[in-house]
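A structural walkthrough
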Amino acid sequence: MRMLVALASAVTLLAAVPAPAAVDYQGAWTLSPAADGVTLRLQLQWGDGSTWNRVMEESAFSGLSGTQADAAPGGFSIREDAGTFQFTGAYRERRGAGRFRFLPRREFGATLRALGIQGAAQVSDRDLMNLAFGGLAAADIAEFRALGVPVATMDEVMTLAVQQVSPEYVRALQGLGATDANTVNAVVAARMFGLAPELVRELATVGIRGLPLDGYVDIRRAGVTPAFVREVRAAGHTRLLPDALIDLRRAARARP
């Protein structure tokens, strides 16, 4: 199995240097139903051409409901430890658009320092915006550590936030027997490549369990599904290891 640590460590952070306190972070937002039909996809576009996406429950917004036709200034928001996103615009039947503004909560930098996060001496407003959009809270850092993921540096905190890795995600992977879901690099790489706990759970039903995270990622990227495993076994190949299943799947995809 190929290791993904180098890929995880190559994540480009959107905030690496302090920004002047006077910078006003604002831009355009849209909301639409997410692919699951239950949650909402929030998209932000702002200043430097950046586009950020996050899937959220409607209840995560303060002051927003599906029957609300218009929002007064400051009428609905997302409040996180690192700051608040305030939204104005129109929203009806789970769709909307308008303008947003980010209000940083600068004292969160002191909270990070109190948690012993290295490199948190200067936390810029843009850092705080990254942390808030990723939904990373002080309690999350404590929970990651309780799960055996040693979050120690500002770079690690930012990477977890930018990739929207939650303690719930890590707990699910660990509970399903992933053998190395205990480092920032490993869990971030798994999240980057779209590894869902549901796939790990489904693979266990066909006897594929207890792999390292990069093994599960390789399986996902190759398109090996429980249905494919059953098909291969029905054809008489009952003892194939994950690497062999991956090779078979890639060969099947390469056929004209």
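You'll find the structure just up there.
Residues numbered from 1 in each chain as written. Predicted model: local features only at pLDDT ≥ 70, side-chain atom pairs only at ≥ 80, totals over all residues. Heavy atoms only, no water.

1. Brief notes about the pattern of salt bridges
Should the charged atoms of two oppositely charged side chains come close, the side chains can pair. Which entries qualify depends on this criterion: Each salt bridge in this description consists of a side-chain nitrogen of Lys or Arg and a carboxyl oxygen of Asp or Glu lying within 4 Å of one another. Where helices and strands are cited, they refer to DSSP runs of H or I of at least four residues and of E of at least two residues respectively, numbered from the N terminus. For each residue, the accessible area found with a 1.4 Å probe, counting protein chains only, is set against the maximum for its type, and the residue is called buried under 20%, exposed over 50%, and partly exposed in between.
According to the stated counting rule, one finds 4 salt bridges in the structure shown. In this structure, the salt-bridge partner of Arg-54 is Glu-80, at a minimum N-O distance of 3.4 Å. Linking Arg-54 in strand S3 (residues 50-56) with Glu-80 in strand S4 (residues 70-80), this pair joins segments that are 26 residues apart in sequence. There is no split in this pair, since Arg-54 and Glu-80 are both buried. The partner of Arg-105 in a salt bridge is Glu-107, and the shortest N-O contact between them spans 3.5 Å.

2. Here we look at helix H9 (residues 213-222)
Just so we agree on the cut-off: Only heavy atoms enter the contact rule, under which two residues are in contact if any of them lie within 4.5 Å.
Of all 10 residues in H9, 8 are buried; the element is thus mostly enclosed. Taken together, the buried positions of H9 are Leu-213, Asp-214, Gly-215, Tyr-216, Val-217, Asp-218, Ile-219 and Ala-222. On its buried face, H9 sits against helix H6 (167-175), helix H7 (184-192), helix H8 (197-204) and helix H11 (242-254). Just downstream of H9 lies Gly-223, where phi reads positive at about 85 degrees.

3. Focus: the packing of helix H10 (residues 226-234) against H11
The condition that has to hold: Working convention: axes come from line fits to C-alpha atoms, limited for helices to the stretch in contact. Angles between N-to-C directions cover 0 to 180 degrees. For classification, angles of less than 35 degrees are called roughly parallel, those exceeding 145 degrees roughly antiparallel, those between 65 and 115 degrees roughly perpendicular, and all remaining angles oblique. Each residue is assigned to one class: nonpolar for Ala, Val, Leu, Ile, Met, Phe, Trp, Tyr, Cys and Pro, charged for Asp, Glu, Lys and Arg, and polar for all the others, Gly among them.
It is at 11 Å that the axes of H10 and H11 come closest, and there the two elements cross at 95 degrees. Regarding the angle of H10 to H11, the classification is roughly perpendicular. Residue-level contacts link Phe-228, Val-229 and Val-232 of H10 to Leu-245, Leu-248 and Arg-249 of H11. Its residues placed into classes, the contact of H10 with H11 shows 5 nonpolar, no polar and 1 charged.

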